[in-house]
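So you can see what is in the structure, the chains are spelled out below.
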Amino acid sequence: TDSPSDSEDSSLSDSELQEAFARGQLKPGLNVVLEERRQRRNDTDGLKQCLAELRKPLAWVERLDVTLGPVADPVAQSASNADAVDPENDFQREMSFYRQAQAAVLEALPRLQKLQVPTRRPDDYFAEMAKSDQQMQKIRQKLKSKQEAMERSEKAKQLRAMRKYGKKVQTEILQRRQKEKKNMLNAVKKYQKGLSDKLDFLDDEQTSSQGNKKGSASQRTKKGPNAKRRYKNQKFGFGGKKKGSKWNTKESFNDVSSFQSKVAHNKGPGKARKGGKKALNKRPGKRARQKMKNRAR
């Protein structure tokens, strides 16, 4: 608990602050509590003591620490230019790191070789995988799916390219045909008007059609039946002509020896006993049946 004197001092200070605020002497933002700044000191002895405690008397092979400056740049004109590295220049800064690492390697490799420490990985080196076989199987499946997707997309690209090429060829053929037709129509018009007395366009058309027919016939003759069909023809023969076997010939048309007029015109003796023509139509026609229905009503 606070003493009575402390409470009186605090009440007096609060009242004084309220009076000052009422007079307008206090403004918001001016009353800031200032903390005391810590005094910084450079304890060299303490730092050296900590360094001595951390340092261990181990051999260099266990430590492998190399502290060197960067290798002299052969491209630089002088040592002053080589040492002066602009920290704002990314390229110069990275090159200084690279040359410093190079100097450390050149210093450490001979020392390791003297100590007979191998610096190259052997050909039969085996290292255990950090990931499990299941994880690696998942990675393989993912890589395989990516490869299949790439193959599908490549096939789709090839199909689209082939379609585009086919459309291009088709349009070129149509344009060529339209051009030939237009030229032929122009030549016909000139011939009709008497501007030209040559009929070369007809010869060109006939030769082109004959060439197409010859080409198709040669293709048909070259194709021929397959080996299975040839074997069956050799074994069973061709079987004779099938189409047109029921067609009339001149001899069959003139031969009337088997014609019977009574049978052809329904005048045979058997049909006469049954009543001739009347016996054929036993049911009356539709109109007659309608008349009979009307009479019955």
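Residues numbered from 1 in each chain as written. Predicted model: local features only at pLDDT ≥ 70, side-chain atom pairs only at ≥ 80, totals over all residues. Heavy atoms only, no water.

- The protein goes by EBP2 protein in an unreviewed UniProt entry, where it is assigned to Mionectes macconnelli.
- As recorded by UniProt, the Function (unreviewed entry) comment attached to the protein reads in full: "Required for the processing of the 27S pre-rRNA."
- Database annotation for the protein, UniProt heading Subcellular location (unreviewed entry): "Nucleus, Nucleolus". (UniProt positions renumbered as here; feature names shortened; annotations may be inferred.)

Quick look at the overall build of the protein
Link 1 in the chain: On a plain count of helices and strands, the protein comes out with twelve helices and zero strands.
Link 2 in the chain: Overall, the protein shows an N-to-C arrangement of helices and strands of α-α-α-α-α-α-α-α-α-α-α-α.
Link 3 in the chain: Relative to its full complement of 297 residues, the protein shows a buried share of 4%.
Link 4 in the chain: Considering only contacts within the protein whose residues lie at least 6 apart along the sequence, 47% involve residues at least 24 apart. (Helix = DSSP H or I, 4+ residues; strand = E, 2+ residues; numbered from the N terminus. Buried < 20%, exposed > 50% of the residue type's maximum accessible area, 1.4 Å probe, protein only. Contact = heavy atoms within 4.5 Å.)

Description of a positive patch on the surface
Link 1 in the chain: A contiguous patch of positive charge on the surface is contributed by Lys157, Arg160, Arg163, Lys164 and Lys167.
Link 2 in the chain: Looking at the element boundaries, Lys167 is found in helix α6 (residues 133–193).
Link 3 in the chain: The class of Lys167 is exposed, set by a relative accessible area of 59%. (Patch = residues over 30% accessible without salt bridge, like charges linked within 9 Å, V, L, I, M, F, W, Y side chains within 5 Å. Areas by Shrake-Rupley, 256 points an atom, 1.4 Å probe, with all protein chains shown as cover. Salt bridge = Lys/Arg side-chain N within 4 Å of Asp/Glu carboxyl O. Lys, Arg positive; Asp, Glu negative; His and termini not counted. Charge placed at Lys NZ, Arg CZ, Asp CG, Glu CD.)

Quick notes on the side chain of Ser96
Link 1 in the chain: Its place among the elements puts Ser96 in helix α5 (residues 90–114).
Link 2 in the chain: One polar contact links the side chain of Ser96 to the main-chain carbonyl oxygen of Arg93, over a distance of 2.5 Å.
Link 3 in the chain: Ignoring any residue separated from it by four or fewer positions in sequence, one finds Ser96 in contact with Pro70 and Val85. (Polar contact = N/O pair within 3.5 Å; in protein donor to acceptor, adjacent residues only side chain to side chain.)

Section: the packing of aromatic side chains
Link 1 in the chain: Summed over the entire model, instances satisfying the criterion amount to zero aromatic pairs.
Link 2 in the chain: One cation-aromatic arrangement involves Arg111 over Trp60; the distance from NZ or CZ to the ring centre is 4.0 Å. (Phe/Tyr/Trp six-rings, centres within 6.5 Å; stacked < 30°, edge-to-face > 60°. Lys NZ or Arg CZ within 6 Å of the ring centre and 35° of its normal.)

A look at the pattern of salt bridges
Link 1 in the chain: The full count for this structure, using the stated rule, is three salt bridges.
Link 2 in the chain: Here Arg93 ties to Asp90 by a salt bridge, and the two come within 2.8 Å at their closest N and O atoms. A residue pair is termed a helical-turn pair when its members lie 3 or 4 positions apart in one helix, as Arg93 and Asp90 do in helix α5 at three residues.
Link 3 in the chain: The closest approach of N and O atoms between Glu180 and Arg176, which form a salt bridge, is 3.6 Å. With Glu180 and Arg176 both in helix α6 and four residues apart, the pair spans about one turn of that helix.
Link 4 in the chain: Owing to a relative accessible area of 46%, Glu180 belongs among the partly exposed residues under this scheme.
Link 5 in the chain: Taking relative accessible area as the criterion, Arg176 reaches 45% and is therefore assigned partly exposed.

Focus: α5
Link 1 in the chain: Counted at 1.5 Å a residue, the expected span for α5 with its 25 residues is 36 Å, and the 37 Å between its end C-alpha atoms agrees.
Link 2 in the chain: Buried within α5 are the following residues: Ser96, Arg99, Ala103, Ala108 and Leu112.
Link 3 in the chain: The opening residue of α5, the one whose side-chain oxygen lies 3.2 Å from the backbone nitrogen of Phe91, is Asn89.
Link 4 in the chain: Directly beyond the C-terminal end of α5, a positive phi value near 60° is found at Gln116. (Expected span 1.5 Å × (residues − 1).)

Quick word on unusual backbone geometry
Link 1 in the chain: Within the chain, Leu64 stands out as a residue other than glycine whose phi angle is a positive 55°.
Link 2 in the chain: Assignment of secondary structure puts Leu64 in the loop between α3 (60–63) and α4 (79–83).
Link 3 in the chain: When its relative accessible area of 49% is taken as the criterion, Leu64 is described as partly exposed.
Link 4 in the chain: Look at Gln116: it is not a glycine, yet its phi comes out positive at around 60°.

What to know about the confidence of the model for the protein
Link 1 in the chain: When pLDDT is averaged along the protein, the result is 77; 73% of the residues meet or exceed 70.
Link 2 in the chain: Within the protein, the element-level pLDDT minimum falls on α4, averaging 51, and the maximum on α5, averaging 91. (pLDDT = per-residue confidence, 0-100.)

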